[in-house]
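Chain and residue survey
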Amino acid sequence: MSKKKNKSNHYIYVVDRHGNPVMPSRRPGRIRHLLKEGKAVPISTHPFVVKLKYDIPGRTQPIHLGIDTGRENIGVGASLENGENVFLSDVETKNKAVTKAMSDRRAYRMSRRRHRREKKQRHAHAKKSEMKNGRPAVKGERHTRKTVGRDIRYPGCKNPVTHKVIKGKEARIANRRRDEGWQTPSARQLIQTHMRIVRNVMKFLPVTHITIEMVSFDFQKLANVEIKNWEYSDGPLHGFKSPADYVWARQNGKCYFCDKKIAICHHAMHRAKGGSDRVGNLVGLCPECHQKLHSDRDMDKRLQEEFGTAKTCISVLNSAMPEIDRQMRALCDARGIVYDTCTGFDTYEARKRYSIPKDHCTDGYAISLYGRNANNVRLTDSVCMMRRFRKKSGSIIQKLNQRVYKLKGKVVAVNRHKRTDQKEPALDDYMGEYAQTHSEAECRKHFHELEIIPARRTYTYRKQKLVSPVHIGDTVRYEKCNKTSGITKKAVFVAEEIRMSHGKIKYGDKSGRYKKKSPLMKYCRPIKAGSLKFIRTVKLADRLSMVRKEAEARRKKQLKKPKNLIID
């Protein structure tokens, strides 16, 4: 007698003719017959959702939804009353891009205002209309023209503001007020993403219970596991007036590389790379070693491996969790859903009890099992990958290029002074080496022979007032008919990148069956907009294998602590 094969644990999600979710199905043959007979139509590919065209009883079973909260990745898992897994999803929030976009916008704004101010200063100097009766400019202060400055006191400012050449605009203090309950842009995006995930899942699953993991990170406990209660108020700077005093005492007033006197507190991990202002990221150096450090990449890399600590990203989640809890509770009360919360330890206990592998999506499944005695714990075969996209960006500037110096068509120097992490020689270095073997007159002649390409901005297609028919994150339908063979190629995908200069839309990744593709835009049309989309479905085994490889790579690249110094 032949044994009956086990059914696949892959679910097909179903909604009734009115769009209300009903229980998912594990019978692909039955769904295939309904689609062939015209009694159902597919409405989504990832995950696969079909809509019935006939009336069915509205009876459903309880479905528990678990949310593993996070900043970069959010895990989602759903289970039946007996514990069987019906849905897994891993969400990529792209929350770090919000902070980077804000920093880039601030840099462009400061550059734009500086150029406008310098233009006004040049105009005032040409028209002989500079400010008079001021104090002489202090040596070392940044200014365009060597002229007098005046201290002007504005309402709302504690200290007077020094103006040179021209008078600046008065500060608009009234525009700096923040509403009650204001959240930072990164925290607000995180709150919106968590809420949108739950609403998207509730479109194809009849959720009756929601459990989220309430996280609260204790940074001092993470830095020192044996910290006492009374030591929370005594941080690493307790007893010191400033971080510089702490670094001086830690290094006995001596440079880290030599025995000279400390003059500069250097950030081992540069702030441009996400380095923090904590004393563990500060190193005392003398001026000579500090100058040498910025020109020696190997020396800088070695110092980053010993000292460098990146900014803590999970602090955003600490500030966003209370608002996530409040909005999630209001949503559940409005829809009659049972709401509960758990801790990270509860998730660990559930995962350990049912022998569930570690990942964001499987953590969400473990959270859905919290507080229950499940007797049929079984993971689904696939994971739906979701990603958040930045919708309808109005940015005009794409990047700021560098100043380039060429000699007979060959690049010999980049920028007048070497910027951080610049590999190419700067003009100062190039002319310094040239001056060692040539006279001063030859250096001046050689400098005038150089072709200078000024630093200009690279603009996006919006600068040309072009309108893209498709936005990033839109669900797109691709249809191209071959007139010779009569074959029509069709595809439905989520636009992940748009290239207006080439007229193409990119989607997919570099691995496996989802290799990057770039269909022409003229054969595509948007069918659904949105910022949080299911982009593809992957096998759970492949997902767990990739997670293990990434964890192993992170362990190998773990930063080393300094051997003879105390780091907080």
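Residues numbered from 1 in each chain as written. Predicted model: local features only at pLDDT ≥ 70, side-chain atom pairs only at ≥ 80, totals over all residues. Heavy atoms only, no water.

1. A look at the overall build of the protein chain
- Summing up its helical and strand segments, the protein chain has 13 helices and 24 strands in all.
- Taking the contacts inside the protein chain whose residues are at least 6 apart along the sequence as the reference set, 62% of them involve residues at least 24 apart.
- With an accessible surface of roughly 36300 Å², the protein chain has 50% of that area assigned to carbon and sulfur atoms. (Helix = DSSP H or I, 4+ residues; strand = E, 2+ residues; numbered from the N terminus. Contact = heavy atoms within 4.5 Å. Areas by Shrake-Rupley, 256 points an atom, 1.4 Å probe, with all protein chains shown as cover.)

2. Some remarks on helix 2 (residues 96–126)
- Taking 1.5 Å per residue as the helical rise, helix 2 with its 31 residues ought to reach 45 Å, and the 46 Å between its terminal C-alpha atoms agrees with that figure.
- Every buried residue of helix 2 is accounted for by V98, Y108, S111, E118, Q121 and A124.
- Phi turns positive, to about 55 degrees, at K128, one or two residues after helix 2. (Expected span 1.5 Å × (residues − 1). Buried < 20%, exposed > 50% of the residue type's maximum accessible area, 1.4 Å probe, protein only.)

3. Considering the sheet that holds strand 13 (residues 382–388)
- Ordered by their spatial adjacency, seven strands build an open sheet running 12-9-4-5-6-13-24, and the pairing between neighbours is mixed. Across the chains shown, the open sheet's two edge strands, defined by having one partner strand only, are strand 12 (338–342) and strand 24 (532–539). The mean inter-strand angle of the sheet, taken between neighbouring strand axes irrespective of direction, is 20 degrees.
- Pairing of strand 5 (residues 73–80) with strand 6 (residues 85–92), which is carried by seven bridges, proceeds in the antiparallel orientation. The residue of strand 6 that forms the bridge with S79 is N85.
- Its contacts with the sheet put helix 3 (residues 185–201) on strand 4 (63–68), strand 5, strand 6, strand 9 (209–213), strand 13 and strand 24, and the angle it makes with strand 5 is roughly 25 degrees.
- On the sheet, helix 13 (residues 540–556) packs against strand 6, strand 13 and strand 24 and is oriented at approximately 95 degrees with respect to strand 24. (Pairing = 2+ DSSP bridges. Axes fitted to C-alpha atoms, helices over the stretch in contact; angles between N-to-C directions.)

4. Some words on the pattern of salt bridges
- According to the stated counting rule, one finds 19 salt bridges in the structure shown.
- In this structure, D55 and R17 form a salt bridge, with 3.5 Å as the shortest nitrogen-oxygen distance. Here R17 lies in the loop between strand 1 (13–15) and helix 1 (28–36) and D55 lies in the loop between strand 3 (49–52) and strand 4, a separation of 38 residues in the sequence.
- The exposure class assigned to R17 is partly exposed, which follows from its relative accessible area of 42%.
- Three or more residues are tied together by salt bridges with common partners; here these are E92, K94, R387, E496 and R536. (Salt bridge = Lys/Arg side-chain N within 4 Å of Asp/Glu carboxyl O.)

5. Digging into the nonpolar core
- Among the nonpolar cores identified, the biggest contains 43 residues, and L65, F87, L205 and I210 are the most heavily contacted of them.
- Among the elements that line this core, the one with the most residues is helix 8 (residues 315–335), at eight residues.
- Filtering out sequence-adjacent residues up to four positions away, F87 remains in contact with Y13, P47, V76, G77, A78, V201, F204, L205, C384 and F534.
- The next biggest cluster of nonpolar side chains, apart from the first, holds 17 residues, and it includes A350, L369, A374 and V383. (Core = buried A, V, L, I, M, F, W, Y, C linked by side-chain atoms within 4.5 Å.)

6. Quick notes on the sheet that holds strand 20 (residues 488–494)
- With respect to topology, three strands assemble into an open sheet ordered 20-19-23, the strand pairing being antiparallel. Both edges of this open sheet fall to strand 20 and strand 23 (524–528), since each of them pairs with a single strand only. Recorded for the sheet is a direction-independent mean angle of 25 degrees between the axes of neighbouring strands.
- Summarising the sheet, strand 19 (residues 475–481) and strand 23 pair through four bridges and their orientation is antiparallel.

7. Here we look at helix 5 (residues 243–250)
- Residues of helix 5 that are buried include every one of Y246, V247 and R250, and no others. Down the axis of helix 5, the buried set is contained in an arc of 95 degrees. They therefore lie on one face.
- Against strand 10 (264–267) and strand 11 (282–285) lie the buried residues of helix 5. (Arc of directions from axis to C-beta.)

8. Regarding the packing of helix 3 against helix 8
- One way to put it is that helix 3 packs onto helix 8 with a least axis distance of 9 Å and a crossing angle of 35 degrees. Relative to helix 8, helix 3 is oriented so that their crossing is right-handed. Along its contact with helix 3, which presents S186, A187, L190, I191, H194, M195, V198 and R199, the element helix 8 presents V316, L317, S319, A320, E323, I324, Q327, M328 and L331.
- When grouped by side-chain class, the residues that make up the contact of helix 3 with helix 8 number 11 nonpolar, four polar and two charged. (Left-handed = near helix turned anticlockwise from the far one by under 90°. Nonpolar A, V, L, I, M, F, W, Y, C, P; charged D, E, K, R; others polar.)

9. So, the pairing of strand 3
- As judged from the three bridges shared by strand 1 and strand 3, these two strands associate in the parallel manner. Looking at strand 3, one finds that V14 is bridged to V50.
- Sheet topology places strand 2 (residues 40–44) next to strand 3; four bridges connect them, and they run antiparallel. Residue pairing for strand 3: V41 is matched across the bridge by K51.
- In this antiparallel pair of consecutive strands, strand 2 and strand 3, the connection spans four residues.

10. Re a nonpolar patch on the surface
- A cluster of nonpolar side chains, F217, F219 and L222, forms an exposed patch at the surface whose accessible area comes to about 260 Å².
- As for its position among the elements, F217 is in the loop between strand 9 and helix 4 (219–223).
- Owing to a relative accessible area of 31%, F217 belongs among the partly exposed residues under this scheme. (Patch = residues over 30% accessible without salt bridge, like charges linked within 9 Å, V, L, I, M, F, W, Y side chains within 5 Å.)

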